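# Coordinate analysis (summary)
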Amino acid sequence: MASRSPSRSEEQFLCSICLEVFSEPVSTPCGHNFCKRCISHTWDSKVICKCPLCNRSFSIRPELSVNTFISEMVSQLKLEKRSSSMEHMPDFSEVQCDVCSEPKLKAVKSCLVCLSSFCESHLQPHLSAPRLKRHQLMEPVDDLEDRICPTHDQPLKLYCSTDQKAICVVCSALEHKNHTLVSLEEAFEQEKVSLQQTVAENQRLVGQRRLKVQEITAALELSEREAQRETQQMVKVFSDIMESVQRCLDHHTKVLEQSLSKHKERAQALIQQLQQEMCELEKSSTEAQQLSLSTDPLHFLQRCPALPPAGLKDWSSVSFEPQTCEGSAARALSELETSLSQKISKVFKEELRRVQTFAVDVTLDPDSAAPWLVLSEDLKQVHLTDVKKELPDSPQRFDTCVMVLGKQSFSSGRFYFEVQVKGKTEWTLGVAQESVNRKGKIGLSPKNGFWTIWLRNGENKALADPSVLLSPLRPPQKVGVFVDYGAGLVSFYDVDSADLLYSFTGCCFREKLFPYFSPGLNFGGTNSAPLIISAVDTESPVCEGLK
C-alpha cells in the first residue's frame, strides 16, 4: 500500500531528519526545529555538533529548548487528524449477531459448526438443546469460515509443525498421519515465544548495526580530519618549497644584475676615457693640418714639437671581455637542491616520527619458518643454516623458500615495525596476506599476496608489478615497515636517514596481514648475519631533532 502523502498543514510541522510530524519539537540556537530524539541521536554520533539544515557548528553541545508553540500546534494537528479519521472509520470493534434483525445486537459467542455468531438470547438453544450442546463455541469472531477446513468442513483444531499449517482432526488422520501435531493453543504459545525471540534478535541486530554506523561515521570523520591535516601539511610544505625556489631565483637574479651593473660601469668608464682621448686627437689633427699650411718657418718649428698631445694612454694592454654567466643556473640549482634537501629531510623525519607512534611488538612464528631457518629464543632474530631440520610439514610452514612470517596478524588500523639488516648482502622484508602459497617456489608480488622490498646483487628493489629499482643514497642498515590497512598503504623507510624508500599505494586488503621476513641465502657465510626485529627507538637522533 502506498504511504499517505502529508497534507499542506502537516508539511509545516515535519522534522527534516525523520520526515515525520514533530515529536517533542526542540529548537537549536540557529533557530531550526527538530524532534528531540532525532537531533540528540544525530549529535550522539558526531564529534562536532552541526545543524543538519544550515550546517552551523557549535564548539560546545548546546542545550535544546522545547518549542512550546510548535508542540501545541502539533498536538492540535494530531487531535484534528484523529477526529477526522474516527468520523470516516466503521466500528469493527464488536461482532454482531447473525440472527438478529436490525438493529443487530452484540454477539457473545460464535459457533464453529453453524458458522454463525449469536447474541445472548439467540445463543440459548446452543445452551439447552442436547444436539446443539455438542457444537463447538468460542469467543465471537468475524472470520468463522477461515477457521473451518475447506476439505472436510471440520474446525481447525490442530497445527502441523511439519507443514506449518492449521488442520482439522480428519486431516491429521489422513494427509498428516506421521507428522508432528500440536494443539492450536500450544502452537500459538510456541510461535509467540519464537516471535518474541525474533523481535529480541532483530533488536540486537539493529543495535549491532547502529553501533557499526556510529563506528563507520566516527572513522569517516577521523578520515576527514586526517585528510584535512595532511592537506594542510602538504600546502605548508609545498608553500615553503615554492618560497625557497622564489628566494633562490630572486637572490641569483640579483647577483647577476649586480655583476652586470659593475661590468657596465667599467665599460662606460673606458668608453668615456676613449672618447675624451679621441676628441683630443681630433683637435690635435685639426691643429696639425692648419700648421701644415703655414709658410712661416719659425712659426712652424715653434708649434710642431707640441704635437701630438701628451698624456695619451697605451690601450694595447687594456682588454674588456664580455661577462660570462655560464654555470649561474647550475650554481643556483645546486644551492636550491641543498636547501630543498634539508627541507625534505625534515618532512621525512616528521613523517617517520608519526608512523613510529603506531609501533607494535612483532615476533617470529616458528610454525611458518622454513626448515633451514633458525629462530632466536626470544623469536626476534632469524638466520639461515645449511642443515635442514626435521619439522612437521604443516599447512602454515614454508617448505622450500627460506621465509618466515610474524606471529601477529592485522586486519584493520595501522601498524609499524623495524628490522635491522646491517651486515647482510641479501634480505627481503614486508607483509603477506594469510592465504599466500607456502609450498614450492613462490613469486613475491602483490598479485600473489606479498608487498615486499629486497636487497639482491647490491640492488634494492620494490617487488611490485613490475618491480621498481630503488636508489637509496646509502645502503639502509635498519628498515621500517608501515601499513595503513584501511588506506591500502605499505611504506618502507630507511630508519637512520628517515628517507622513504618506497610505498605500495592503492592496495586492496581483504585478509589478515602478517609481517614477512627472509634472511636470504648464506653464500658461503658472507650473508650469515641475522635479521633482527628491533625495538622502535623514539630517543634516536632522528626523533631527537623533532622534539
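The preceding data block contains the structure.
Residues numbered from 1 in each chain as written. Predicted model: local features only at pLDDT ≥ 70, side-chain atom pairs only at ≥ 80, totals over all residues. Heavy atoms only, no water.

### Considerations on the packing of aromatic side chains
Evaluated as defined, the whole model comprises 9 aromatic pairs. Each ring, one from W43 and one from F58, has its centre 6.1 Å from the other, and the planes form 65°; the classification is edge-to-face. Taken together, the residues W43 in helix α2 (residues 36–44) and F58 in strand β4 (residues 57–58) connect sequence positions 15 residues apart. Each of the two residues, W43 as well as F58, counts as buried. Ring geometry for F492 and F504: centres 6.2 Å apart, planes at 70°, overall edge-to-face. Of this pair, F492 sits in strand β21 (residues 489–494) while F504 is found in strand β22 (residues 499–504), placing the two residues 12 residues apart along the sequence. Owing to a relative accessible area of 0%, F492 belongs among the buried residues under this scheme. For F504, a relative accessible area of 5% translates into the label buried. (Phe/Tyr/Trp six-rings, centres within 6.5 Å; stacked < 30°, edge-to-face > 60°. Helix = DSSP H or I, 4+ residues; strand = E, 2+ residues; numbered from the N terminus. Buried < 20%, exposed > 50% of the residue type's maximum accessible area, 1.4 Å probe, protein only.)

### What about the pairing of strand β18 (residues 459–462)?
A one-sided burial pattern is seen for β18, the buried positions being N460 and A462 and the unburied ones E459 and K461. Across 4 bridges, strand β17 (residues 450–456) lies against β18 in antiparallel orientation. Following the sheet pairing, L455 is matched in β18 by N460. Hairpin connection between β18 and strand β19 (residues 468–470): a loop of 5 residues separates the two successive antiparallel strands. (Pairing = 2+ DSSP bridges.)

### Concerning the packing of helix α7 (residues 184–292) against helix α9 (residues 328–356)
Contact geometry of α7 with α9 gives a least axis separation of 10 Å together with a crossing angle of 160°. As summarised for this structure, α7 and α9 are arranged roughly antiparallel, according to the angle between their axes. Our pair here, α7 against α9, has a crossing hand that is right-handed. Here the residues of the contact of α7 with α9 are counted per class, giving 9 nonpolar, 6 polar and 10 charged. (Axes fitted to C-alpha atoms, helices over the stretch in contact; angles between N-to-C directions. Parallel < 35°, antiparallel > 145°, perpendicular 65-115°, else oblique. Left-handed = near helix turned anticlockwise from the far one by under 90°. Nonpolar A, V, L, I, M, F, W, Y, C, P; charged D, E, K, R; others polar.)

Keep in mind these values describe shape, not function.
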